[in-house]
Amino acid sequence: GISAQYEDTGTFALVANVEILESHHNVAWERFLPTGPLALLPLSQQRLALIWMGPKDYIDELKALSDAALVEQITTLAGEDRIPPLGRVGGRITHPLIATKAVAQVVPYGVVVGNAAHTVHPVGGQGFNLTARDLSLLAEEVGDAQKPGELQVLERYIQAREKDQAMIRHATKWLPDLFRVEFGPFAHTRQLGLVALDLWPSLRTAFAQRAMGVRHV
């Protein structure tokens, strides 16, 4: 088997489905709070997936709230004018966020991908984007090879992906921490950057494309 390295992020996540009373228009929301990110992701059948991250004691308190109290918290913190009206909350689960990295992602005629290769902090949905980029390059490498399972071919793939994977591991680890810093000048600069993203659609698009790893030719 292939072993893995594990790192406890010290963070837990509350996960649940939330009914919405108006369409989400396939829009996802994420709010960075001092306690950790709060994300609402669009699902089918008038639902949003709630992923709320933070210290274990805080997450346990959220899990214990009534539906009405939890909906009030979400609406207040996410912004009543930004998200659709919320209804019932489905079953809630909590789990620790453990970052993992496979010691070897390729072996002769075998490749480890997705969460089996690397599990990162779920902030910004970067784990999905990272896996999509992995698979895209893997398809290119093996598609042009006469013997796609040879270790030399697969090592070219993983060597080309190491830099991006490392960057996302570090970025997802430190980004939530940046929003916990309340030091005046730093917090002010951070807020100006967020306002700029909100005011300039072209800047926001460029930022999103960079996060998704969109390549321009």
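The rules behind the values
Residues numbered from 1 in each chain as written. Predicted model: local features only at pLDDT ≥ 70, side-chain atom pairs only at ≥ 80, totals over all residues. Heavy atoms only, no water. Helix = DSSP H or I, 4+ residues; strand = E, 2+ residues; numbered from the N terminus. Buried < 20%, exposed > 50% of the residue type's maximum accessible area, 1.4 Å probe, protein only. Contact = heavy atoms within 4.5 Å. Areas by Shrake-Rupley, 256 points an atom, 1.4 Å probe, with all protein chains shown as cover. Pairing = 2+ DSSP bridges. Phe/Tyr/Trp six-rings, centres within 6.5 Å; stacked < 30°, edge-to-face > 60°. Salt bridge = Lys/Arg side-chain N within 4 Å of Asp/Glu carboxyl O. Core = buried A, V, L, I, M, F, W, Y, C linked by side-chain atoms within 4.5 Å.

Visitor: Please give an account of the overall build of the chain that cites residues and values.
Guide: If you tally the helices and strands in the chain, you get 6 helices and 9 strands. For the chain, the proportion of its 217 residues judged to be buried stands at 34%. Excluding contacts between residues fewer than 6 apart, the proportion of contacts in the chain whose partners are at least 24 apart in sequence is 64%. A total of about 13000 Å² of accessible surface is found on the chain, and carbon and sulfur atoms cover 59% of it.

Visitor: Tell me about the pairing of strand E1 (residues 4-20), residues and numbers included.
Guide: Across 9 bridges, the pairing between E1 and strand E6 (residues 93-102) is antiparallel. Paired with Glu7 across the bridge in E6 is Ala99. Two strands pair when backbone bridges link them, and E1 and strand E5 (residues 86-89) are joined in this way by 2 bridges, in the antiparallel orientation. The partner of Ile20 across the bridge, within E5, is Leu86.

Visitor: Got a sec to walk through the packing of aromatic side chains? Specific residues and values, please.
Guide: Applying the stated criterion across every chain, the model contains 1 aromatic pair. Consider the rings of Trp52 and Tyr58, whose centres lie 6.2 Å apart with planes at 75 degrees: the pair is edge-to-face.

Visitor: Account for the pattern of salt bridges, with residues named and values stated.
Guide: Considering all chains together, one arrives at 7 salt bridges under this definition. One salt bridge connects Arg133 with Asp164, and the closest N-O pair in it is separated by 2.7 Å. In this pair, Arg133 is assigned in helix H3 (residues 126-143) and Asp164 in helix H4 (residues 151-178), connecting sequence segments 31 residues apart. A residue is classified by how much of its surface remains accessible, and Arg133, at 13% relative accessible area, is buried. Asp164 gets classed as buried once you look at its relative accessible area, which sits at 14%.

Visitor: Can you lay out the nonpolar core for me, pointing to particular residues and giving the numbers?
Guide: Core analysis: the biggest nonpolar cluster contains 21 residues, and Leu40, Leu50, Trp52, Leu70, Ile74, Ile83 and Leu86 have the highest contact counts within it. Contributing elements (two or more residues each) for this core: E1, strand E2 (29-33), strand E3 (36-43), strand E4 (47-54), helix H1 (56-64), helix H2 (67-78) and E5. With 5 residues, the single largest contributor to this core is E1. Once residues lying within four places of it in the same chain are set aside, the contact partners of Leu70 are Leu50, Trp52, Leu62, Leu65, Val89 and Arg92.

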